[in-house]
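Breakdown of the fold
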Amino acid sequence: MEILVTYLTRRKKGGVSRRTEERSAEALHFGRSTNAEVYLADPRIRFEHAVIHHRPGGLFIEVEKLSDVRVNGQTSSNRSIGVGDVLGIGPFDVTLVEPPEGKDISIEVELVRPLGDDYAQLAARSTVRLEDYGLSRRLWSWVGFLAVLILFLALPAWYFFQHTEASAEKTVGRRFDAVWNSGPISSQHQFISDKCNICHEKPFVQVRDSACLSCHAPVTHHFDGATAEISNVPQFRKLPDKTCNDCHQEHNGSQAVTISKESFCIECHKDIERKLPQSSIKNAGRFDLDHPDFRPDVVTDSAARTFNRISISNSAELSENSGLKFPHDAHLKKDGIRGPNGKETLECRSCHILPRGAANFNPIGMEGTCERCHQLVFDPRRPDRTLPHGQANNAQMLIREFYSDYALRGGVNDVQAPAPDITRQRPGEQTPVTSQRQTAPLAWADQQAQRVADMSFGKTMCGNCHEVSSGSGKGPLNWSVVPALINKAWLPRGRFDHSAHSDMLECDSCHAAETSKKSSDVLLPKIAVCKNCHGGENVSNKVPSTCITCHDFHLPGTSRMGNTKAWRKNPDGEAGEMHNLTSIEGKN
Ligand code: HEC
Ligand code: HEC
Ligand code: HEC
Ligand code: HEC
Ligand code: HEC
Ligand code: HEC
Ligand code: HEC
Ligand code: HEC
Ligand code: HEC
Ligand code: HEC
């Protein structure tokens, strides 16, 4: 429809100025939106206030919900209108006038109730004034100013300088300097919430790291900047200059003290492979989208105690070399397995004990877990004699002594045993056993001991569970056991707490133990399993998890975070090097 809009402005001295605009539109919109054909700049006008449509029956006004529209003085909603009607649209009067030739509609718009009118009218009607009560505005200003000065500066300052820490302890009642508090202290620091000067060591000086370090002395860095590679990256070099307060905020009440945004970590970690080509760690972006899959530390050589990181999806190379043999499947048969008192069905917790609330399982010990079924009995005639576990040399010595002793006392029951060449002795007669007379029995004993050692080390006992090797000089009876190393932490850079998950998940949702035939299998889940429940920091349909849900920031083995800006080696040298493979080698 073709529209003619005339804006009327009354001059103070009288007379009216007119400004016309021509429009062509489907409908005539009134409002504060710039799209409106009639743009009404007044805060009392809604964005889309009302619309006039041209319908077959004539003009029709549609009033937006909550808009203030009156037609000829009557509050109105949608209705037909015609020439001569005066529409009160907020503070404007819109009059429909006869359209000239070629136009479908012509209106005149005039602001009749300017802003400020309401207050002016109200004030004009009011008769009460401050001054009528003898209180001038100036006096009030002074009273207020002095009150603030005394309550919030003089009193607290007096209190602060008068009261040392010791006397503050004794003060009963209110602390005046508490008014300086800029917000409630976090729950972790509640216990010092009324001892401001523990953190604010000096008045009017920012909290310094030394205050935090008086309690958090062992806090270490995130990485060691001592290496040239790291200090070459400007972004990394800046980290040691950060103060505790850059990442830990106080006075936010129960809100976390610690910076927890993903973006804080991602900024350095999204392209660390490029920035730090020497680093062995992979790029990491948002947890739900770009987090790398696990690369567990697996034992490559249990004797040398070396580890390697191999990706969980690299099934060709992923293999643990613990020096132990252990078939999970044989022990987890549904219909049970032979035990000392007949058949029994084992469960995970028969061997893996999770102490209440603990993140990890107790280490498995042969004595506590396996020995009741796999007893180290080496001679069936003496089921009460067992080999000491964990001591290959002692075990061989014990075998040798056992058979020597046996032979010298006359291992008579054994058909092949030579007769012990010990002449009867009369009571009271002390004839020493000559070495001549021992030779034959001891030769037999040696033979016997070697046979038993070969059997128990090579096959039935030690060799059943261990990698073993034989050869001259490998032990008293030429046997040695490759040291076993059962891994305790495949993912030491992350956190996983079994107790936090044990109510929700069965073991087999993460560990395919029931079908595992050998201990070289690495029975860990992929990170996809975690992502079933854990999302990034802002998810609503999963457990919201930010990087520090699963990762520490202050890493062991790095230099101390301290009040000196220089990188320093950890003075106690706990783990010495950066927490990387070289230091992991030392674990267990
Ligand atoms: C656990 C340590 C801690 C305690 C206890 C503590 N504060 Fe703070 N406060 C801080 C930190 C950290 C800041 C951050 C600002 C900064 O860098 O100084 C801060 C900031 C402030 C600020 C804002 C001014 C400024 O320096 O930025 C005021 C005011 C303040 N604290 C008052 C108090 C008062 C009063 C108390 C005792 C009731 C108190 N604080 C107890 C750690 C503490
Ligand atoms: C009087 C000793 C003391 C001082 C001073 C102190 N803290 Fe603490 N802080 C603690 C104790 C105690 C805890 C609680 C430890 C716990 O829960 O295991 C704690 C907890 C924390 C935590 C862990 C919060 C969490 O989410 O678990 C952070 C971070 C922290 N403090 C940072 C600071 C910073 C930064 C300062 C300096 C402004 C500071 N602290 C000053 C004693 C202190
Ligand atoms: C200022 C940059 C920077 C920030 C911020 C940063 N990192 Fe790092 N991060 C590094 C560097 C550099 C290394 C060491 C790489 C190396 O030596 O191979 C590292 C190492 C790591 C490692 C491997 C540690 C190890 O023991 O091998 C993890 C995991 C990690 N960061 C997670 C995080 C998380 C989670 C955050 C956020 C809370 C974070 N990083 C924030 C730079 C940063
Ligand atoms: C649900 C727990 C979880 C969350 C959330 C999480 N991670 Fe991890 N992340 C892990 C685990 C577990 C590992 C494996 C640790 C290891 O290999 O020792 C890991 C490994 C890493 C590694 C080492 C990668 C490699 O193989 O070199 C980096 C770096 C890392 N995460 C950074 C981050 C960052 C940054 C965030 C936040 C955006 C984050 N992670 C969020 C659990 C998590
Ligand atoms: C008879 C005792 C026994 C039972 C029962 C048993 N385990 Fe184990 N498990 C072991 C021993 C021993 C090891 C260490 C040797 C190895 O690495 O295989 C081990 C290692 C593991 C590991 C880490 C090994 C790796 O290489 O990743 C996981 C995970 C595991 N067991 C899960 C389970 C689950 C799940 C069950 C129940 C379905 C179970 N186990 C039942 C004895 C047992
Ligand atoms: C309930 C009794 C029982 C317990 C507990 C038990 N085992 Fe066994 N284990 C057996 C039986 C029975 C067999 C023979 C299974 C078969 O051949 O099917 C066996 C077989 C084995 C084998 C395989 C031998 C072969 O010939 O392949 C090894 C290795 C082994 N066990 C190690 C262990 C270790 C290590 C532990 C402790 C973590 C352990 N077992 C705990 C009863 C047990
Ligand atoms: C039923 C399986 C089994 C048999 C049989 C067995 N071991 Fe073990 N052995 C283990 C397991 C499991 C470990 C690791 C847990 C532990 O230290 O108890 C281990 C650990 C060891 C260790 C390393 C201990 C340490 O502290 O580092 C030595 C050495 C050892 N065994 C020697 C022997 C000798 C020698 C024999 C034969 C007399 C033997 N084992 C028989 C299962 C067995
Ligand atoms: C949500 C997945 C998940 C579930 C469910 C789970 N685990 Fe684990 N488990 C892991 C991860 C991840 C690791 C590696 C932790 C590490 O090395 O830091 C692990 C490590 C282990 C280890 C070797 C390390 C240790 O703590 O000794 C054993 C044994 C183990 N799990 C047994 C079990 C048993 C038994 C159950 C059932 C009660 C179970 N797990 C349930 C994920 C899971
Ligand atoms: C069945 C869903 C589920 C799976 C699968 C799962 N989680 Fe969780 N996880 C949770 C829930 C729920 C919590 C508790 C959240 C809470 O208490 O706020 C949690 C808590 C955690 C925590 C914090 C524990 C603590 O100390 O409070 C870590 C770390 C974590 N999970 C890591 C992992 C890792 C790593 C994996 C994969 C190996 C994994 N989760 C798999 C549901 C899951
Ligand atoms: C560049 C950021 C950053 C700086 C600087 C920083 N922290 Fe942290 N801090 C973190 C993050 C992120 C965590 C949470 C991850 C975790 O639990 O280890 C954390 C955790 C902590 C914790 C609780 C966990 C733990 O390791 O004990 C304490 C306490 C702490 N910081 C104290 C300090 C103190 C004291 C300083 C100053 C000397 C400091 N931090 C400086 C980022 C920082």
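Here the residue index of a chain counts from 1 through its sequence in written order. The lettering of chains begins at A and the numbering of ligands begins at 1, in the order of writing. Local features in this predicted model are restricted to residues whose pLDDT is 70 or higher, and side-chain atom pairs enter the listing and the counts only when it is 80 or higher, whereas totals over whole chains, interfaces and linings include all residues. As a rule here, side-chain values cover all heavy atoms of the structure and leave hydrogens and water aside.

1. Thoughts on helix α2 (residues 137–162)
The helix count covers DSSP runs of H or I at least four residues long, the strand count covers runs of E at least two residues long, and both are numbered beginning at the N terminus. What a helix should span is 1.5 Å times the count of its residues minus one. In a regular helix each residue adds 1.5 Å, so 26 residues correspond to 38 Å; α2 covers 36 Å between its end C-alpha atoms and thus fits that length. To sort residues, take the accessible area from a 1.4 Å probe on protein chains only and compare it with the maximum for the residue type: under 20% means buried, over 50% means exposed, and anything in between is partly exposed. Here α2 has its buried residues at Pro-156, Ala-157, Tyr-159 and Phe-160.

2. A closer look at the pairing of strand β11 (residues 92–97)
Working note: regular strand, side chains alternate between the two faces of the sheet. Side chains Phe-92, Val-94 and Leu-96 of β11 all project onto a buried face; the interleaved residues Asp-93, Thr-95 and Val-97 project onto a face where none is buried. As consecutive antiparallel partners, strand β10 (residues 86–89) and β11 are separated by two residues, and within that stretch Gly-90 has a phi angle of approximately 55 degrees, a positive value. We treat two strands as partners when DSSP finds at least two bridges between them. Summarising the sheet, β11 and strand β12 (residues 105–111) pair through six bridges and their orientation is antiparallel. Note on β12: the bridge partner recorded for Phe-92 is Leu-111.

3. Overview of unusual backbone geometry
Phi is positive for Leu-66, which is not a glycine, with a value near 70 degrees. Inspection of the secondary structure puts Leu-66 in the loop between β6 (58–63) and β7 (69–71). Judged by relative accessible area, which is 75%, Leu-66 ranks as exposed. At Asn-72, a position not held by glycine, the phi torsion is positive, near 50 degrees. For Asn-72, a relative accessible area of 43% corresponds to the partly exposed category.

4. Overview of the site of ligand 8
Whether a residue is near a molecule or strand depends on its heavy atoms: if one lies within 4 Å, it is near. Near ligand 8 there are 16 residues, and of these Trp-490, His-498, Cys-507, Cys-510 and His-511 occur at the shortest range. The definition of a polar contact used here is a pair of N or O atoms within 3.5 Å, where within protein one atom must be able to donate a hydrogen and the other to accept one, and adjacent residues in sequence count solely through side-chain atom pairs. Asn-360 is positioned with one of its side-chain polar atoms (N or O) 3.1 Å from an oxygen atom of ligand 8. Between ligand 8 and Phe-361, the relevant distance is 3.1 Å, taken from an oxygen atom to a main-chain nitrogen or oxygen of the residue. Looking at the shell around ligand 8 residue by residue, the classes come out as ten nonpolar, four polar and two charged. Ten residue types, Ala, Val, Leu, Ile, Met, Phe, Trp, Tyr, Cys and Pro, are classed as nonpolar, four, Asp, Glu, Lys and Arg, as charged, and the remainder, Gly among them, as polar.

5. Focus on the packing of aromatic side chains
Aromatic rings from Phe, Tyr and Trp, taking only the six-membered ring of Trp, are treated as a pair when their centres fall within 6.5 Å; an angle between ring planes under 30 degrees marks them as stacked, one over 60 as edge-to-face, and anything in between as tilted. In the structure shown here, the tally under the stated rule is ten aromatic pairs. On the basis of an interplanar angle of 45 degrees and a centroid distance of 5.7 Å, the ring pair of Phe-264 and Phe-553 is categorised as tilted. Note that Phe-264 is positioned in helix α9 (residues 262–269) and Phe-553 in the loop between α20 (547–550) and α21 (581–584), a separation of 289 residues in sequence. Taking the centre distance of 5.0 Å and the plane angle of 85 degrees together, the rings of Phe-378 and Phe-402 count as edge-to-face. Of this pair, Phe-378 sits in the loop between α14 (366–370) and α15 (392–408) while Phe-402 is found in helix α15, placing the two residues 24 residues apart along the sequence. Phe-402 shares its class with Phe-378; the two are buried. An aromatic cluster of at least three residues, connected via ring pairs, comprises Phe-378, Phe-402, Tyr-403, Tyr-406 and Trp-444. Positioned over the ring face of Phe-60 is Arg-55, at 4.3 Å from the centre of the ring. In our convention, an over-ring charge means Lys NZ or Arg CZ found within 6 Å of a ring centre and within 35 degrees of that ring's normal. When the ring centre of Phe-287 is taken as reference, the NZ or CZ atom of Lys-531 above it lies at 5.6 Å.

6. Thoughts on the confidence of the model for the chain
Taken over all residues, the pLDDT of the chain has a mean of 84, while the share at 70 or more is 86%. Element-level pLDDT for the chain is lowest in α21, with a mean of 30, against a maximum mean of 96 in helix α12 (residues 328–331). What pLDDT conveys is the predictor's confidence in a given residue, as a value from 0 to 100. Whether two residues are in contact is decided by their heavy atoms, any of which lying within 4.5 Å being enough. Counting contacts from residues 168–173, a segment whose pLDDT is below 50, to residues more than four positions away or on other chains yields four contacts. Here residues 563–588 scores under 50 on pLDDT; set against residues more than four positions off or in separate chains, the count is 60 contacts.

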